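Per-entry structural report
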Amino acid sequence: MRRKIVLKIAVDIGMTVILLLLMAYELIGQAVHEWLGIGMFLLFVVHHILNSKWSGNVLKGKYTAYRVVQTMLVAMVLVSMLGSMVSGVILSRHVLSFLPIKGGHSFARTIHMISGYWGFVSMSLHLGFHWSIMMGVAKKMVGRSYASYKWLLRGIAVIIAGYGLYAFIRRDIGSYMLLKSRFVFFDFEESFVMFLTDYMAAMGLFVFTGHYLSEWLKRLQYRKSIL
């Protein structure tokens, strides 16, 4: 496997892990949250450097339905990341507390929350659009025996997505995305593992949705090309 592909996968895994930890804001502490946010920003920059070829071709070529949705997701991730970073700098009480920033905390807090939750969903969908790459790597590693486990893995994916829908509703993620609630509720007596399990499942729901949406759009594009 080429080094660049390995590095891309490593960066994506790192961003995924950090994203999940960032959602546990109050449970991990403000200082840790801020350091993780900086780590996410650095990995985000590396991610775009590694994918600079794609970025350079945004205004080139024909836009199919697949490419339109993919580009919209990238734009959503970019906007939510910028919103999280700018508001995070304003709200920082530890890592960037030396900056002479005063006021705007209430507005920044709202932007930080909505950017965080929309970023969580859009990044998960974006990951789903590229899940076929991860599946391709898994096939190479497992070999021919992959076909024997294909339906089992699909069944597991459906179960995770189903529980992810339950977790999405239970955690009121939709309310935070639509600003129906301006304060995130954390149960400090809850197991940290349980919290992460729910958010991993919710992420799995959108990875699942993104993957099958991308597959449907690819098939739609293929059908149009042969007509």
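In this report, we go over the structure that sits alongside the text. (Residues numbered from 1 in each chain as written. Predicted model: local features only at pLDDT ≥ 70, side-chain atom pairs only at ≥ 80, totals over all residues. Heavy atoms only, no water.)

1. Let's talk about the overall build of the protein chain
Summing up its helical and strand segments, the protein chain has 10 helices and 0 strands in all. Counting helices and strands in the order they occur from the N terminus, the protein chain gives α-α-α-α-α-α-α-α-α-α. By residue count, 34% of the 227 residues in the protein chain fall in the buried class. Within the protein chain, contacts between residues at least 6 apart in sequence are counted, and of these 78% link residues at least 24 apart. Taking the 24 positively charged and 9 negatively charged side chains of the protein chain as two groups, their mean positions are separated by 21 Å. (Helix = DSSP H or I, 4+ residues; strand = E, 2+ residues; numbered from the N terminus. Buried < 20%, exposed > 50% of the residue type's maximum accessible area, 1.4 Å probe, protein only. Contact = heavy atoms within 4.5 Å. Lys, Arg positive; Asp, Glu negative; His and termini not counted. Charge placed at Lys NZ, Arg CZ, Asp CG, Glu CD.)

2. A short note on the packing of helix α1 (residues 3-22) against helix α10 (residues 192-226)
The N-to-C vectors of α1 and α10 enclose an angle of 125°; their axes lie 10 Å apart at closest approach. It follows that α1 is oblique to α10 by the angle criterion. Here the hand of the crossing between α1 and α10 comes out right-handed. Counting all contacts with α1, which are made through Thr16, Leu19, Leu20 and Leu21, the residues of α10 involved are Phe192, Leu196, Tyr199, Met200 and Met203. Residues that form the contact of α1 with α10 fall into these classes: 8 nonpolar, 1 polar and no charged. (Axes fitted to C-alpha atoms, helices over the stretch in contact; angles between N-to-C directions. Parallel < 35°, antiparallel > 145°, perpendicular 65-115°, else oblique. Left-handed = near helix turned anticlockwise from the far one by under 90°. Nonpolar A, V, L, I, M, F, W, Y, C, P; charged D, E, K, R; others polar.)

3. Remarks on the layout of surface pockets
The space that makes up the largest pocket amounts to roughly 1,000 Å³. Looking at the largest pocket, it is lined by 37 residues, and the ones nearest its centre are Tyr25, His33, Leu91, His112 and Met113. Mapped by element, the contributors of at least two residues to the lining of the largest pocket are α1, α2 (25-28), α3 (30-50), α5 (65-91) and α6 (105-129). Per-element accounting of the lining of the largest pocket gives the leading share, 10 residues, to α6. For the lining of the largest pocket, the per-class residue count stands at 20 nonpolar, 12 polar and 5 charged. (1 Å grid on protein atoms, 1.4 Å probe; cavity = no way out; pocket = protein on both sides within 12 Å on 5 of 7 lines; lining within 4 Å. Points joined across faces, edges and corners; volume = space filled by probe spheres on them.)

4. Side note on the environment of Ser87
By secondary structure assignment, the location of Ser87 is in helix α5. It is 19 Å that separates the C-alpha atoms of Ser87 and Val121, two residues lying 34 residues apart in sequence. Beyond its immediate stretch of four places on either side in the chain, Ser87 contacts Ala108, Ile111 and His112. Within the structure, the side chain of Ser87 is placed 2.8 Å from the side chain of His112, a separation counted as a polar contact. (Polar contact = N/O pair within 3.5 Å; in protein donor to acceptor, adjacent residues only side chain to side chain.)

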